[in-house]
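# Reading the structure
Listed here are the chains, written in short residue letters.
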Amino acid sequence: MITGGTSGIGEAIALLLAQEGAAVSITGRSRDRGEAVVSKIQQAGGKAMFIPADSRTSQDCRRVVDETQQGFGRLDILVNNAGVFYAHTILDCPESEWDEQLDSKLKGTFLMSKFALPAMIEQGRGIIINVSSGWGLVGGDRAVAYCAANGGVVLLTKAMAIDHGPQGIRVNCICPGDVLTPMLPADAKLRELKWEEYLAGCSNRPLGRIGTVGEIAQAALFLASDDSSFMTGATLVVDGGGTAD
């Protein structure tokens, strides 16, 4: 079950996990994009369903869990990926956009986990992967709400790992750096930068480039597999060295 699975990192994770044999349910607010992702998976011979939902509401989160269990019979993996970004300092951040960023990322992760965990606890195993950000570990310019939300996800991951490890559930976190998704051009526009200028700024890291959604999906596959069987409460940074300085 993947939130924000209709584009970008969420879509890439859905496609890769389905390719590896998982039956995948994806959530999002765009039916057209969601059904397009499901179609890609099904055309490749995989199993998938789209469940339109807003992960900021408990009613929708509970419904997504119920429909996923009804459709596939069980729930083994939850990927909390949904989130939004608006570029602001604390002085110019509207309260509405602060709320939207905190609710989409942090509250959404809380709610989806809250309703998914009982099924995992009952079956004695489960995996939760929370997608945070490099800016959940270090500060970023004009990103106060985004940093706060993603920093919260990092520590929420650790707290959940402590609470639910004895129940056979592993909870880990991925912190991507700049990755080529629809969010980047939108951020460039908000910052009133030309795309070439924006990319040049993003390239100021040891590996000298931005990442791809496929590279983040591979990290999620690792955390979803038995290859990471002794990992929980961990933060896996996939950022081309951006937070190494």
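See above for the structure.
Following both chains from N to C, one finds helix α1 (residues 8–19) and helix α2 (residues 31–43) inclined at 20°, their axes separated by 10 Å at the closest point. The angle between the axes of α1 and α2 places the two elements in the roughly parallel class. Crossing handedness for the pair α1 and α2: right-handed. For the pair α1 and α2, the contacting residues are Glu 11, Ala 14, Leu 15 and Ala 18 in the first and Val 37, Lys 40 and Ile 41 in the second. Classifying every residue of the contact of α1 with α2 gives five nonpolar, no polar and two charged.

We now examine the sheet that holds strand β3 (residues 77–80). Strand order in the open sheet made by the four strands is β3-β4-β5-β6, with parallel pairing throughout. Taken across any chain shown, the strands that pair with only one partner, and hence form the sheet edges, are β3 and β6 (235–238). Strand-to-strand twist across the sheet, computed as the mean angle between neighbouring axes with direction ignored, equals 20°. Relative to strand β4 (residues 126–131), β3 is paired through four bridges, and the arrangement is parallel. Bridge pairing in β4 places Leu 78 opposite Ile 128. Here helix α8 (residues 213–224) sits on the sheet and contacts β3, β4, β5 (169–176) and β6; the angle it forms with β5, its principal contact strand, is near 165°.

What counts and how
Residues numbered from 1 in each chain as written. Predicted model: local features only at pLDDT ≥ 70, side-chain atom pairs only at ≥ 80, totals over all residues. Heavy atoms only, no water. Axes fitted to C-alpha atoms, helices over the stretch in contact; angles between N-to-C directions. Helix = DSSP H or I, 4+ residues; strand = E, 2+ residues; numbered from the N terminus. Parallel < 35°, antiparallel > 145°, perpendicular 65-115°, else oblique. Left-handed = near helix turned anticlockwise from the far one by under 90°. Contact = heavy atoms within 4.5 Å. Nonpolar A, V, L, I, M, F, W, Y, C, P; charged D, E, K, R; others polar. Pairing = 2+ DSSP bridges.

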